[in-house]
2 protein chains.
Amino acid sequence: MQDETRAYVTLALNEKYVIGALVLAHSLHQTRTNKRLVCLVGPDITDERKMQMLDVFDDVVDVSLYSSGDVSRLELLQRPELGVTFTKIQAWRLERYEKCVFLDADTIVLQNIDDLFDRPEFAAAPDIGWPDCFNSGVFVFKPSHETFSALSKLANEKGSFDGGDQGLLNQYFSSWRTQGPEHRLPFTDNMTANAAYGYAPAFERFRDRIRVVHFIGAHKPWMGAPPQTTAQMHGIQQLHDLWWSTHDDLLKHSSDSAIYRYAMGI
Amino acid sequence: MQDETRAYVTLALNEKYVIGALVLAHSLHQTRTNKRLVCLVGPDITDERKMQMLDVFDDVVDVSLYSSGDVSRLELLQRPELGVTFTKIQAWRLERYEKCVFLDADTIVLQNIDDLFDRPEFAAAPDIGWPDCFNSGVFVFKPSHETFSALSKLANEKGSFDGGDQGLLNQYFSSWRTQGPEHRLPFTDNMTANAAYGYAPAFERFRDRIRVVHFIGAHKPWMGAPPQTTAQMHGIQQLHDLWWSTHDDLLKHSSDSAIYRYAMGI
Ligand SMILES: O=c1ccn([C@@H]2O[C@H](COP(=O)(O)OP(=O)(O)O)[C@@H](O)[C@H]2O)c(=O)[nH]1
Ligand SMILES: O=c1ccn([C@@H]2O[C@H](COP(=O)(O)OP(=O)(O)O)[C@@H](O)[C@H]2O)c(=O)[nH]1
Ligand SMILES: [Mn+2]
Ligand SMILES: [Mn+2]
């Protein structure tokens, strides 16, 4: 029976990320979750596209774009496009749900992760760039208008130290580092793909535990093969193959649906 | 007054790392620590060199070499030389001390870290390669012959998943990830230098908190300027300059001592 009080939430601000969100949703279905699947969508997404998305999502919710406009900090991060990810905080407005798990559209789920709903707000996994900070691609939260307002206020008044949502959320949930272990998801619940070559022996040892793969960085799997230098790195090709097999499985299961025509560009 | 029951411990298996150990010890003196400074040394280190080291260390202790001999796993790590770091576990034999803080010879301390002795065994900071594992370059431990024996046994029977001491220690202290926050040192107490460019905005925001810098990787500061590509990375030149200014300060403070003649190659 579907649990109406809990939801997985993702975000497609623009067309570029819609296919990521669809493949993520399909990967969640494959794990036989009984939670609802929600996609927040930006104003560029057409009504036709939203209808198509309802094939795999239970709910598609419009959000307005929030931007940090913080060019200098995003340059330090070499990702100018990430200013718009401030929009992510609108997930806290989904008060119809008691608890949610947010997943970036550039993630896929390999094993059932419904136990994440037993975690308290705020729970996330360490970021491999600076592990006193969490990575904001996967996190457990409790929708609340108060939290949303406080986050908006912080965004307006102080901005984000990295110009994106990750800096903002780390400023707000700054006690994460020193809280109990229930707030700390294992890295295997948000395994950023570059770790496969960053510490190859650990990837080999713990790969069976990986439940969520996160394709961070400017190159996403749906953009095609990674640049030659990256593709040759330990583990990367296998992880991309995983994403593509989920993608192909989605198409197989929806060959008479609108999504199929969308993904095939017909 | 010197605390005779607690010590900082480092390791110079061979001549190559002696200068690192000396500069580390000087950086600890600069923070006005009242703990003892101990260096474990391998059989290659001459008696003359050991005498010189006693200018900055309270104690220089001979250890025999332990090697993992695990060529295939070390190749995955691209660091064949790390097999000998198994020798590190001999630090647990220093039972004359109640508690110790181990520091790799490729670290320097920027601020007093004596509060680390209030931490329980085992405490360490996350590794940026795979943050469910700790980095074994800085850790708090309690010398104990039982622990030493258990670690040796594990080394002989199972080996290490990465072929080096980090894999071995993570196998032994495998509950580290889920233990309370007192076991988790902040990353700023073992800031691996590559993080300066890995997540530059976090480095800029938290750099004032950094207490220990760790120059991981095959290229150590004392080998001279880093390869051109690395040197251009955000923050790296500053961190190397920090190491060299500590090095130069050591020489200034010991200009009439044997260390000076050693470091100057005279
Ligand atoms: O142009 C964009 C940029 C970002 N996003 C959303 O914001 C998330 C965070 O951005 P991204 O994953 O690219 O950041 P990274 O994980 O690489 O830091 C994405 O997964 C999407 O859900 C989006 O929809 N369109
Ligand atoms: O040839 C060697 C290799 C290692 N070490 C000691 O073992 C530690 C761990 O090795 P390293 O720091 O090179 O490993 P990394 O931190 O780069 O993984 C060093 O800091 C030294 O204390 C040594 O004395 N001689
Ligand atoms: Mn992402
Ligand atoms: Mn080291």
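Note that the structure is a prediction, hence the values are computed from the model and not measured.

A tally of regular secondary structure across chain A gives ten helices and nine strands. For chain A, the C-alpha radius of gyration of 18 Å lies close to 18 Å, the compact-globule estimate for 266 residues. If you line up chain A on its principal axes, its C-alpha atoms span 50 × 45 × 40 Å. Between the mean site of the 26 positive side-chain charges and the mean site of the 35 negative ones, chain A shows a separation of 4 Å.

To continue, consider the relation of the copies chain B and chain A. When chain B is brought onto chain A, the operation consists of a screw motion whose angular component is 180° and whose axial shift is 0.0 Å, with 0.0 Å RMSD remaining. Look at the turn and shift together and you get a two-fold axis relating the two. Judged by C-alpha distance, Ile-128 of chain B is the residue of chain B that lies nearest the rotation axis, at 2.3 Å.

Turning our attention to the side chain of His-26 of chain B. In this structure, His-26 of chain B sits in helix α1 (residues 18-30). For His-26 of chain B, a relative accessible area of 8% translates into the label buried.

Looking now at the sheet that holds strand β1 (residues 3-12) of chain B. All names here are of chain B. Strand order in the open sheet made by the six strands is β3-β2-β1-β4-β7-β6, with mixed pairing throughout. Edge positions in the sheet fall to β3 (59-62) and β6 (123-126), since each of these pairs with one other strand and no more. The mean inter-strand angle of the sheet, taken between neighbouring strand axes irrespective of direction, is 25°. Packed onto the sheet, α1 meets β1, β2 (35-41) and β4 (99-103) and runs at close to 150° relative to β1.

Okay, the site of ligand 1 next. Residue and element names in this part refer to chain A. Taken together, 16 residues lie near ligand 1, and Leu-11, Leu-13, Tyr-17, Asp-106 and Gly-217 sit nearest. Note that an oxygen atom of ligand 1 is positioned 2.7 Å from one of the backbone N or O atoms of Leu-13. One of the side-chain nitrogen or oxygen atoms of Tyr-17 is found 2.7 Å away from an oxygen atom of ligand 1. Its residues assigned to classes, the shell around ligand 1 comprises seven nonpolar, four polar and five charged.

Residue and element names in this part refer to chain A. Across all of its chains, the model carries 28 salt bridges over all chains by this definition. We note a salt bridge from Asp-47 to Lys-50, for which the minimum N-O separation is 3.4 Å. Residue Asp-47 and its partner Lys-50 are both found in helix α2 (residues 47-53); the two are separated by three residues, about one turn of the helix. Note on Asp-47: relative accessible area 59%, which makes it exposed. Across the pair Asp-59 and Arg-96 runs a salt bridge whose closest N-O atoms are separated by 2.9 Å. Placement of the pair is Asp-59 in strand β3 (residues 59-62) and Arg-96 in the loop between α3 (71-77) and β4 (99-103), with a sequence separation of 37 residues. In this structure Asp-59 comes out as buried when scored by relative accessible area, which is 15%. Overlapping salt bridges, with partners in common, bring together Asp-47, Lys-50 and Asp-62 in one network.

Another point: the site of ligand 2. All names here are of chain B. Close contacts around ligand 2 come from 16 residues, with Leu-11, Leu-13, Tyr-17, Asp-106 and Gly-217 the closest. One nitrogen or oxygen atom from the main chain of Ala-105 is found 3.1 Å from an oxygen atom belonging to ligand 2. One nitrogen or oxygen atom from the main chain of Gly-217 is found 2.8 Å from an oxygen atom belonging to ligand 2. Of the residues contributing to the shell around ligand 2, the split by class is seven nonpolar, four polar and five charged.

The rules behind the values
- Residues numbered from 1 in each chain as written.
- Chains lettered and ligands numbered in written order.
- Predicted model: local features only at pLDDT ≥ 70, side-chain atom pairs only at ≥ 80, totals over all residues.
- Heavy atoms only, no water.
- Helix = DSSP H or I, 4+ residues; strand = E, 2+ residues; numbered from the N terminus.
- Rg over C-alpha atoms; globule rule 2.2 N^0.38 Å.
- Lys, Arg positive; Asp, Glu negative; His and termini not counted.
- Charge placed at Lys NZ, Arg CZ, Asp CG, Glu CD.
- Least-squares fit on C-alpha atoms with pLDDT ≥ 70 in both.
- Buried < 20%, exposed > 50% of the residue type's maximum accessible area, 1.4 Å probe, protein only.
- Pairing = 2+ DSSP bridges.
- Axes fitted to C-alpha atoms, helices over the stretch in contact; angles between N-to-C directions.
- Contact = heavy atoms within 4.5 Å.
- Near = heavy atom within 4 Å.
- Polar contact = N/O pair within 3.5 Å; in protein donor to acceptor, adjacent residues only side chain to side chain.
- Nonpolar A, V, L, I, M, F, W, Y, C, P; charged D, E, K, R; others polar.
- Salt bridge = Lys/Arg side-chain N within 4 Å of Asp/Glu carboxyl O.

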